[in-house]
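Structural characterization, general
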Amino acid sequence: MNRPELDYYAVLDQPRGATKEQITLAYRRLAIRLCPHRDKKDEQDFVPLAQEGRLTHLSPMGEPRQWAYVNMAFDVLGNDLYRAIYDRFGEAGLFEGVMLPNGYFPPYQYDGDHMKVYERVFGSYSPYANVIDAISNPPSLYATRQHGIGVRSKDASTERIIELSLEEVRTGCVKLMNVWRQEIVDAKESRLEKRKHTLKLNIAPGTTAGTRFCFKEEGDRYPATIPGDIIFIAADKPHPDFERRNQHDLVYRQSIGLCQAFTGFTFFICTLDRRQLKVVITDVVQPGYTKVVPLEGLPKCRNLDAVTAIKEANKKVEQFGDLIIEFDYIFPKYLTPHMKHITREFFREFRKLEIELEEEEERNMV
């Protein structure tokens, strides 16, 4: 049985096309009237919505329930990712989780802390809240330490090189990276143990060498320090047939004989996505000659953020680099006297024909 979905835009009395600034302003207007911690002596400053002629479908509800709905609505619409998922998949997709282009989005769950949302917008629940909290309940420099005083510093980041094959770069992939790290295993934080931790690495099609994937504070857990970051740096794994150039172009080298260089030839290339690409050469292959096949290189990685990736999830990647074919000449290792004589005669006749062709072209130009 499908349950009715809550219209978060109607809760904040805003149209679906409202900007983030308009949604924030609407929340501030509602929150300043519904916040249960407002000072009672200033009650006259908080005119009920019904008295200012702005009735909504939540007006018949009590203020505590309106307060809860308003904060939940802004928690979703005030977050670009949550809002994009809600706009496209509705409240059901938000609560049940959806598969996005860059990985699985887990089900959204509102934690019910209304003041947390309120403080995120207004900065605090009181103009002097930060000062009062620091005096009345000062945080310990070591959050759970019983001995010693000090400032927790962050451990250095750990960098690892991850080699990607060109096939993986062509299609994109997901890699599960197992890392071993120190973890605290008792409540007193007195015993450490090496444990395996798995990190999910989403490789977008066309990822370039040098791309850094940062997992914040996923390093070793020590009592007196903040865990460092784990950073994976993409690198190209050598390929037997292709080489990456200019980030998105592929270079393929074809060996040819002198006869093929003069007369032309046809050959096939097995692409990274296992297609047979037919290439026909009709030109004379001179030194430095290259054949460019458009849009047969690697996809151009756009590095979209999560919100844009959701909006363009069904769009096919159409931007690709080129395939550049270069040629290596195969020369004979040895010529017999007879072979040399035949070669001289051939090029002598060949030169005569070249001269005749040049003279004929000059006559036609006159």
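By the naming in an unreviewed UniProt entry, the protein chain is J domain-containing protein, taken from Drosophila melanogaster.

Our focus in this paragraph is the overall build of the protein chain. Counting its regular elements, the protein chain contains 10 helices and 15 strands. Long-range pairs, those at least 24 residues apart, make up 61% of the contacts in the protein chain between residues at least 6 apart in sequence.

To describe a pair of aromatic rings, one takes the distance between the centres and the angle between the planes. In this structure the tally under the stated criterion is 16 aromatic pairs. Here the aromatic rings of Y289 and F327 are separated by 5.8 Å at their centres, their planes lie at 35°, and the arrangement is tilted. You can see Y289 sitting in the loop between β13 (276-281) and β14 (290-293) and its partner F327 sitting in strand β15 (residues 323-330), a full 38 residues away along the chain. The exposure classification of Y289 matches that of F327, with both residues buried. Ring-pair connections join several aromatic residues into one group, and the members of that group are F262, F346, F347 and F350.

On to the sheet that holds strand β10 (residues 242-245). Overall, mixed pairing links the 4 strands, which are arranged β10-β11-β15-β14 in an open sheet. The sheet is open, and its two borders are formed by β10 and β14, each paired with just one other strand. On average, adjacent strands in this sheet sit at an angle of 30° to one another, irrespective of strand direction. The pairing of strand β11 (residues 249-257) with β15 spans 8 bridges and is parallel. Note on β15: the bridge partner recorded for I256 is Y329.

Right, let's get into helix α5 (residues 114-122). Of all the residues in α5, the buried ones are M115, V117, Y118 and V121. Axial view of α5: buried residues confined to an arc of 155°, hence all on one face. Where the residues of α5 are buried, they touch α2 (20-34) and α3 (63-77).

So, on to the sheet that holds strand β9 (residues 230-236). Across the sheet, 3 strands lie side by side as β4-β9-β7; this open sheet has mixed pairing. The outermost strands of the open sheet, each flanked by one partner alone, are β4 (158-164) and β7 (212-215). Going from strand to strand, the sheet's axes swing by 25° on average, the running direction of each strand aside. Inspection of the sheet shows β7 paired to β9 by 4 bridges, in the antiparallel sense. The partner of C214 across the bridge, within β9, is I231.

What follows concerns the pattern of salt bridges. Overall, the coordinates contain 22 salt bridges when judged by the stated rule. In this structure, R348 and E345 form a salt bridge, with 2.6 Å as the shortest nitrogen-oxygen distance. Here R348 and its partner E345 are both found in helix α10 (residues 337-365), 3 residues apart, which amounts to about one turn of the helix. Assessed through its relative accessible area of 41%, R348 is described here as partly exposed. Several salt bridges share partner residues, and in doing so they unite R170, D273, R275 and E296 into one network.

Residue position: D249 is located in strand β11. K300 is the oppositely charged side chain nearest to the buried, salt-bridge-free D249, at an N-O distance of 6.7 Å. A polar side-chain atom of D249 sits 2.8 Å from the main-chain amide nitrogen of D322. Setting aside residues no more than four positions away along its own chain, D249 makes contact with E243, R244, G321, D322 and I324.

Rules and cut-offs
- Residues numbered from 1 in each chain as written.
- Predicted model: local features only at pLDDT ≥ 70, side-chain atom pairs only at ≥ 80, totals over all residues.
- Heavy atoms only, no water.
- Helix = DSSP H or I, 4+ residues; strand = E, 2+ residues; numbered from the N terminus.
- Contact = heavy atoms within 4.5 Å.
- Phe/Tyr/Trp six-rings, centres within 6.5 Å; stacked < 30°, edge-to-face > 60°.
- Buried < 20%, exposed > 50% of the residue type's maximum accessible area, 1.4 Å probe, protein only.
- Pairing = 2+ DSSP bridges.
- Axes fitted to C-alpha atoms, helices over the stretch in contact; angles between N-to-C directions.
- Arc of directions from axis to C-beta.
- Salt bridge = Lys/Arg side-chain N within 4 Å of Asp/Glu carboxyl O.
- Lys, Arg positive; Asp, Glu negative; His and termini not counted.
- Polar contact = N/O pair within 3.5 Å; in protein donor to acceptor, adjacent residues only side chain to side chain.

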